[in-house]
Amino acid sequence: MEINVEKIGMIKENFNPKNTDVNLDIDWSVEYTNTDQKNINYNLILKSVENFNLNFKMEGFIRLDFSEEFNRQECSQIIFNHACNMLMNMISLTKQQSYGLLNGELDSTVNLQSTF
């Protein structure tokens, strides 16, 4: 089985809570549409409205091997777990950060190092 993510999106409030132990109280749903017998499209929606208002959506498709049968519960759990990991990463990426300006002369070249 191959599970692919084609689109992700997140809408959240303009502020980030200062508490590091936020309970998101996630409601979630996965809808499946069959494109043929071995390719299944999915749309996953995660919503949290209690403490931190956000909406997260992930779209993609599942490609089954020739001998595999679609197991809705197992696929939904895999997709949900992956979406939760992506959501936590996106929340971390969009957190508010403060930066102090350096006094003195700055070079025009900025060197950034990152590993993916």
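Note that this is a predicted model, so its numbers are computed, not measured. (Residues numbered from 1 in each chain as written. Predicted model: local features only at pLDDT ≥ 70, side-chain atom pairs only at ≥ 80, totals over all residues. Heavy atoms only, no water.)

K.L.:
Help me understand a nonpolar patch on the surface in this model?
P.N.:
A contiguous nonpolar patch, built from Met 1, Ile 3 and Ile 78 and spanning about 220 Å² of accessible area, is present on the exposed surface. Turning to its location among the elements, Met 1 is positioned in the segment before strand 1 (2-12). (Patch = residues over 30% accessible without salt bridge, like charges linked within 9 Å, V, L, I, M, F, W, Y side chains within 5 Å. Areas by Shrake-Rupley, 256 points an atom, 1.4 Å probe, with all protein chains shown as cover. Salt bridge = Lys/Arg side-chain N within 4 Å of Asp/Glu carboxyl O. Helix = DSSP H or I, 4+ residues; strand = E, 2+ residues; numbered from the N terminus.)

K.L.:
Hey, could you run me through the sheet that holds strand 3 (residues 39-48) in this one?
P.N.:
The strands making up a sheet associate through backbone hydrogen bonding, with each pair oriented either parallel or antiparallel. In space, the 4 strands of this open sheet follow the order 1-4-3-2, with antiparallel pairing throughout. Of all the strands in the sheet, just strand 1 and strand 2 (27-34) have a single pairing partner and so form its edges. Here the average twist between neighbouring strands, direction ignored, is 15 degrees. Two strands pair when backbone bridges link them, and strand 2 and strand 3 are joined in this way by 8 bridges, in the antiparallel orientation. Its bridge partner being in strand 3, Glu 31 is matched across the sheet by Asn 43. (Pairing = 2+ DSSP bridges. Axes fitted to C-alpha atoms, helices over the stretch in contact; angles between N-to-C directions.)

K.L.:
What exactly am I supposed to notice about the packing of aromatic side chains here?
P.N.:
Any aromatic ring pair is given by two values, namely how distant the centres are and how the planes are angled relative to each other. This model, assessed by the stated rule, comprises 2 aromatic pairs. Centroid distance Tyr 32 to Phe 70: 5.0 Å. Interplanar angle 70 degrees. Geometry classified as edge-to-face. Here Tyr 32 is found in strand 2, whereas its partner Phe 70 is found in the loop between strand 4 (54-63) and helix 1 (72-93), with 38 residues between them in sequence. In this structure Phe 70 comes out as partly exposed when scored by relative accessible area, which is 28%. (Phe/Tyr/Trp six-rings, centres within 6.5 Å; stacked < 30°, edge-to-face > 60°. Buried < 20%, exposed > 50% of the residue type's maximum accessible area, 1.4 Å probe, protein only.)

K.L.:
Any chance you could explain the nonpolar core here in plain terms?
P.N.:
Soluble globular proteins tend to pack their nonpolar side chains together in the buried interior. Counting 22 residues, the largest nonpolar core has Tyr 32, Leu 44, Phe 56, Met 58, Ile 62 and Leu 87 as the members making the most contacts within it. If one sorts the elements of this core by residue count, helix 1 sits on top with 8 residues. Once residues lying within four places of it in the same chain are set aside, the contact partners of Leu 44 are Trp 28, Ser 29, Val 30, Phe 56, Lys 57, Met 58, Ile 79, Phe 80 and Ala 83. (Core = buried A, V, L, I, M, F, W, Y, C linked by side-chain atoms within 4.5 Å. Contact = heavy atoms within 4.5 Å.)

K.L.:
Hey, could you run me through the environment of Asn 53 in this one?
P.N.:
Structurally, Asn 53 is set in the loop between strand 3 and strand 4. It is 6.0 Å that separates the C-alpha atoms of Asn 53 and Glu 13, two residues lying 40 residues apart in sequence. Filtering out sequence-adjacent residues up to four positions away, Asn 53 remains in contact with Ile 11, Lys 12, Glu 13 and Ser 48.

K.L.:
Looking at this model, I keep getting lost on helix 1. Mind explaining?
P.N.:
One full turn of an α-helix is made of 3.6 residues, so residues set three or four places apart face in the same direction. Its 22 residues place the ends of helix 1 31 Å apart at the C-alpha level, agreeing with the 32 Å of an ideal helix rising 1.5 Å per residue. Residues of helix 1 that are buried: Cys 75, Ser 76, Ile 79, Phe 80, Ala 83, Met 86, Leu 87, Met 90 and Ile 91. On an axial view of helix 1, the arc spanned by its buried residues comes to 135 degrees, and they lie on one face. Opposite the buried face of helix 1, by more than 90 degrees, sit the exposed residues Asn 85 and Asn 89. Of the surrounding elements, those touching the buried residues of helix 1 are strand 1, strand 2, strand 3 and strand 4. Regarding helix 1, its N-cap is Asn 71, as a side-chain oxygen of that residue lies 3.2 Å from the backbone nitrogen of Gln 73 further along. (Expected span 1.5 Å × (residues − 1). Arc of directions from axis to C-beta. Polar contact = N/O pair within 3.5 Å; in protein donor to acceptor, adjacent residues only side chain to side chain.)

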